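Here are the chains, one letter per residue:
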Amino acid sequence: MNRLSIFILPAVLIVLLAVPLFVEDSYIRHLFIVAFMYAVLASNWDLSLGYTGLFNFGHMTFFGVGVYTAAIAAKTLGVDPWLAIPLSGVTAALSALLIAAPVARLKGIYVVLVTFAFSQLVLQLILSQSQITGGGEGMVRLPYLRLGDYSFIRDYKLGYYYVALGMLTLSTLFLTALVSSPFGKSLKAVRDNEDYARARGISITRQRIAVLVLSAIFTGVAGGFYAIYLRVASPEALGFGTMSLTLSMVLIGGVGTIWGPVIAALILIFATEAFAGIRGMEEARFIIIAVAMILVLRLAPGGVLALLNRLTNSTLGR
Amino acid sequence: MTMLLEADNITAGYGAVTVLRNLSLHLSDNESIGLFGPNGHGKTTLLMTISGLVRPSSGSIRYDGVDITLNRASDIGAAGLAHSPQGNTLFGEMGVAEILELSAFTRRAKVQRKTQMERVYSLFPRLAERQKQLARTLSGGERQMLSIGCALMCAPRLLMLDEPTLGLSPKLKEELGIAVADIAKSGTPLVVVEQDVQFLLSLTDRLYMIEHGEVVREIDRTDAPDHAEIMKLYFGGDSDD
Amino acid sequence: MTEAMIATILSGLVLGSLYAMMASGLSVVWTTLGVFNFAHGALMTLGAYVAWTISEYLGLGLAAGMVAGTLAAALAGIVIERLLVRPFYTNRNMLLITVMTTLAAMIIIEKGTQVIWGPRLKQLPRIADGELFIFGSAISVHEALIVLIAPVTLIALWAFTARTLTGRSLRAAGQNQTAAALIGIHVPHAYGLAYALSAGLAGFTGVLLGSIRFLTPTLGSEPLVKAMTVVILGGLGSLGATAGAAFVIGFLEAFLVLTVGLYWTPSLLFLTMIVVLIFRPNGLFGGRS
């Protein structure tokens with residue numbers, strides 16, 4: 001993994017920076033942007049679900065809070081979209097703090113149920129407060145990004161591409177720094193051996209609260225970005241579709257790896273978009289994703305990245 | 001003399017750890033055997049292998065003339081080979097009477113439910129007093145009684161008891177000892193795992209000493225060693241291992 | 001008593017009955033297999049659609065539809081247990097993995113329903129037409145029947161698990177696999193049966209729900225969330241506690257709709273749940289985890 005981080009990843013970043021120079025088709029650029037956004041979602045979810053072993057099934061809440069924060073701030077309150085996006089990170093972190101306090105004390109299946117119920121509650125609130133959120137229709141024609149006279153909606157998505165890539169880079173640097181910090185190491189210690197961690201005086205409650213809040217920051221930012229980029233905020237952000245797609249990225253990429261979900265997001269977005277292009281597959285593609293999730297759980301529980309690692313290790317004779 | 005149980009060259013273990021190595025033993029139709037030896041040397045694993053909870057990697061087990069090596073635990077239990085495992089926690093959220101009734105689950109056991117139930121209650125009057133009590137609220141000794149009681153409810157053709165008196169007070173130990181002796185006297189063949197060799201000798205016809213997953217010595221009751229010799233077996237390393 | 005109060009009580013009874021039937025199905029699978037079946041709501045949807053096909057599309061009548069819906073859901077439950085749960089019995093992370101595999105099953109059923117039956121709204125006929133007046137408050141005969149069917153179903157379920165040998169074997173397999181196998185219980189069969197029973201119950205509940213609400217592919221997902229609230233409050237351990245919590249939630253919801261309105265009810269229900277969990281992390285009626 002370290003070898004991968006030091007040599008391959010900067011190379012990947014350089015390649016991604018160069019992509020728009022060769023890809024002028026705005027639809028392909030759009031797919032990259034969506035993939036970057038999902039990569040942020042999935043890798044941050046992996047921080048709580050995989051890395052900490054916290055059965056958090058309310059990750060989409062933070063995304064949804066981010067989407068609606070940016071939408072309301074930019075459209076209703078007239079905040080500059082450049083400010084609305086980071087603001088989404090703040091409100092998402094606050095919502096995480098709200099749910100983390102009761103969740104941190106719970107165990108096992110109750111964590112799954114409460115976090116999931118929380119995401120459904122936020123969805124209900126968004127649907128019911130239609131004067132503010134637009135209800136089931138959502139909010140449309142949100143303000144877009146500008147830089148002086150430069151408009152981000154007339155450049156074939158060039159600007160958004162780099163904003164999304166920047167967001168993904170920052171989020172990934174943040175996550176990798178976090179997991180290699182002493183705090184990140186203590187997360188792993190708790191996940192693998194709760195008693196040992198308790199004996200060392202690590203407060204599991206505090207740790208879980210911290211993880212939920214930290215994993216919500218860039219998730220919220222991604223939500224804010226998504227709203228501003230698509231110029232739409234819709235309740236689907238909290239729906240099963242978004243959730244299952246993101247969860248499949250975490251699983252297929254490899255639980256507890258941070259990088260795996262990023263790679264899986266890129267692969268899956270292009271794969272599912274290819275399916276969405278086929279008539280009659282708009283709904284059926286989710287079935288394919290669900291089947292893929294099950295197959296990964298049954299056949300390659302470490303995810304695709306673990307599989308790749310095993311392959312590279314064996315070819316290097318390790 | 002027909003064989004009720006024959007284990008032939010059993011090798012078994014958990015994952016990469018091999019516990020039993022080419023172990024063989026047998027039991028004829030109207031005898032009982034005892035197993036003893038140091039802890040952690042495979043006695044419990046042997047019983048679990050016989051009752052289908054652990055799959056042997058090689059060797060074969062025949063019970064009542066039928067090869068049961070690869071049979072499911074539930075099928076083996078249904079064939080009347082009952083097993084009261086060590087430190088059995090049973091069904092914590094069920095009552096004593098309910099558990100005993102349920103233990104006569106298979107067709108052959110159901111027929112004898114009433115008589116076996118009476119037998120269990122007369123063997124263990126404490127259980128009769130606690131019919132409604134949840135199993136998890138029972139004391140260690142009572143749980144042990146219930147566990148043996150369950151095995152009896154299966155209407156056993158052969159009964160395997162894994163350390164029935166483990167961790168009990170001397171008084172309870174005696175109480176259970178009398179009950180087990182009673183079961184032996186009634187003619188049910190037994191396989192008993194115990195540390196107390198004198199107890200085993202009073203109960204069974206032959207003993208196997210098991211060390212490092214192998215039978216290192218077979219002892220007949222008629223030429224049983226005295227106490228000092230047994231101590232030597234345990235601590236002196238007298239065995240040819 | 002005012003008319004509004006009576007209407008609230010009646011509505012609470014109907015809601016509580018439906019929640020009790022859903023949550024007890026979840027409880028059966030949980031106590032036997034230690035699996036939280038996320039596909040439970042989708043199985044309700046499946047039951048309702050199959051019932052519609054038999055009853056309305058083929059015109060064979062509601063009774064036939066009800067049986068078919070229940071059986072179809074039970075069959076789907078067996079398939080889910082066999083393919084998505086059984087392979088993970090020995091896995092250390094079985095709880096988390098089965099949450100994800102049953103979530104996947106939910107997506108497959110939900111989207112599959114949409115692909116097969118299309119997005120157009122459908123509705124099942126009522127068991128019986130007409131209205132009853134109780135202290136001047138109206139309740140449809142159909143809803144009154146649901147209020148009667150629910151306790152009967154629950155008592156039947158309880159009697160099955162507590163009184164019959166097969167039912168007891170399910171509980172035994174849930175509490176101690178090894179000991180259950182030793183007394184001759186075929187544990188995988190017990191697990192399959194528990195899943196089929198729970199799924200069949202889901203299908204049956206779905207048919208009842210499908211004649212109150214329109215059939216959509218997401219018919220079961222909102223009730224599933226309610227059923228989750230119920231099991232959080234009641235714990236998953238016992239049928240009695242689960243059913244009790246279902247009626248508590250049903251009445252609370254009806255009361256909240258009356259006092260604070262439809263919009264704020266979900267939030268207040270959730271808040272209630274959180275408050276309960278802060279003081280009793282194992283649920284209102286749950287003694288142990």
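So, a few notes on the structure that sits alongside this text. (Residues numbered from 1 in each chain as written. Chains lettered and ligands numbered in written order. Predicted model: local features only at pLDDT ≥ 70, side-chain atom pairs only at ≥ 80, totals over all residues. Heavy atoms only, no water.)

### Examining the overall build of chain C
So, step 1. Summing up its helical and strand segments, chain C has eleven helices and two strands in all.
So, step 2. Traced from its N-terminal end to its C-terminal end, chain C shows the element sequence α-α-α-α-β-β-α-α-α-α-α-α-α.
So, step 3. The C-alpha atoms of chain C give a radius of gyration of 19 Å, which matches the 19 Å a tight globule of 289 residues would have.
So, step 4. Considering chain C as a whole, with its 289 residues, one finds that 60% of them fall into the buried category.
So, step 5. Pairs at least 24 apart in sequence give 71% of the contacts found in chain C among residues at least 6 apart.
So, step 6. Total accessible area computed for chain C in this model is approximately 11,000 Å², and 68% of it derives from carbon and sulfur atoms.
So, step 7. Once the 14 positive and 9 negative side-chain charges of chain C are each reduced to a mean point, those two points are 17 Å apart. (Helix = DSSP H or I, 4+ residues; strand = E, 2+ residues; numbered from the N terminus. Rg over C-alpha atoms; globule rule 2.2 N^0.38 Å. Buried < 20%, exposed > 50% of the residue type's maximum accessible area, 1.4 Å probe, protein only. Contact = heavy atoms within 4.5 Å. Areas by Shrake-Rupley, 256 points an atom, 1.4 Å probe, with all protein chains shown as cover. Lys, Arg positive; Asp, Glu negative; His and termini not counted. Charge placed at Lys NZ, Arg CZ, Asp CG, Glu CD.)

### A few points about the sheet that holds strand S4 (residues 56-63) of chain B
Residue and element names in this part refer to chain B.
So, step 1. Ordered in space as S2-S1-S4-S5, the four strands form an open sheet in which the pairing is antiparallel. On the outer flanks of this sheet lie strand S2 (17-28) and strand S5 (66-67), each paired with one strand and no other.
So, step 2. Across six bridges, the pairing between strand S1 (residues 3-14) and S4 is antiparallel. For Asp-8, the partnering residue across the bridge sits in S4 and is Ser-60.
So, step 3. Running at roughly 65 degrees to S2, helix H1 (residues 43-50) makes contact with S1, S2 and S4 of the sheet. (Pairing = 2+ DSSP bridges. Axes fitted to C-alpha atoms, helices over the stretch in contact; angles between N-to-C directions.)

### Digging into helix H8 (residues 187-210) of chain C
So, step 1. The end-to-end C-alpha separation of H8 of chain C is 34 Å, in line with the 34 Å expected for 24 residues at 1.5 Å each.
So, step 2. Of all 24 residues making up H8 of chain C, 21 are buried, and the element is well covered by its neighbours. (Expected span 1.5 Å × (residues − 1).)

### Topic: unusual backbone geometry
Leaving glycine out, the prevailing phi sign among residues is negative, and the prevailing peptide bond configuration is trans.
Residues and elements named next belong to chain B.
So, step 1. Despite not being glycine, Asp-64 has its phi angle at roughly 55 degrees, a positive value.
So, step 2. Tracing the backbone through its elements, the reader meets Asp-64 in the loop between S4 and S5.
So, step 3. Under the relative-accessibility criterion, Asp-64 is labelled partly exposed at 39%.
So, step 4. Phi angles above zero are rare outside glycine, and Glu-163 is one such case at about 45 degrees.
So, step 5. Looking at the secondary structure, you find Glu-163 in the loop between strand S7 (158-162) and helix H8 (170-185).

### Considerations on the arrangement of the chains
So, step 1. Sorting the two pairs of chains in contact by contact count puts chains A and C at the top.
So, step 2. No part of chain A reaches chain B; the closest C-alpha pair between them is 19 Å apart.

### Describing the sheet that holds strand S6 (residues 81-84) of chain B
Paired through their backbone hydrogen bonds, the strands of a sheet run either parallel or antiparallel.
Residue and element names in this part refer to chain B.
So, step 1. Pairing within the open sheet is mixed, and its six strands lie in the order S6-S7-S8-S3-S9-S10. If you trace the sheet from one side to the other, it starts and ends with S6 and strand S10 (214-220), each paired once. Sheet twist, expressed as the average angle between the axes of neighbouring strands with direction ignored, equals 15 degrees.
So, step 2. Against the sheet, helix H7 (residues 140-153) contacts S6 and S7, and its axis sits at roughly 175 degrees relative to S6.

### A short note on the pairing of S10 of chain B
So, step 1. Summarising the sheet, strand S9 (residues 206-211) of chain B and S10 of chain B pair through six bridges and their orientation is antiparallel. Its bridge partner lying in S10 of chain B, Arg-206 of chain B is registered against Asp-220 of chain B.

### Digging into the interface of chain B and chain C
So, step 1. Residue-level contacts link 27 residues of chain B with 19 residues of chain C.
So, step 2. Summing the contributions of chain B and of chain C, the shared interface buries around 2,000 Å²; its carbon and sulfur component is 65%.
So, step 3. Inspection of the region where chain B meets chain C yields three salt bridges.
So, step 4. Between the two partners, chain B and chain C, sit seven residue pairs in polar contact (both at pLDDT 80 or more).
So, step 5. Among the secondary structure elements, those contributing two or more residues to the side of chain B that touches chain C are helix H2 (73-78) and helix H3 (96-103) of chain B.
So, step 6. Within the side of chain B that touches chain C, the residues separate by chemical class into eleven nonpolar, nine polar and seven charged. (Buried area = accessible area lost by both parts, 1.4 Å probe. Salt bridge = Lys/Arg side-chain N within 4 Å of Asp/Glu carboxyl O. Polar contact = N/O pair within 3.5 Å; in protein donor to acceptor, adjacent residues only side chain to side chain. Nonpolar A, V, L, I, M, F, W, Y, C, P; charged D, E, K, R; others polar.)

### Regarding the packing of helix H2 (residues 40-57) of chain C against H8 of chain C
Residues and elements named next belong to chain C.
So, step 1. Put simply, H2 and H8 touch, their axes get as near as 7 Å, and they point 60 degrees apart. Taken together, the axis directions place H2 and H8 in an arrangement best described as oblique. The handedness of the crossing between H2 and H8 comes out as right-handed. The residues of H8 that touch H2, namely those facing His-40, Leu-43, Met-44, Gly-47, Ala-48 and Ala-51, are Ser-198, Ala-199, Ala-202, Gly-203, Thr-205, Gly-206, Val-207 and Leu-209.
So, step 2. Tallied by class, the residues present in the contact of H2 with H8 amount to eight nonpolar, six polar and no charged. (Parallel < 35°, antiparallel > 145°, perpendicular 65-115°, else oblique. Left-handed = near helix turned anticlockwise from the far one by under 90°.)

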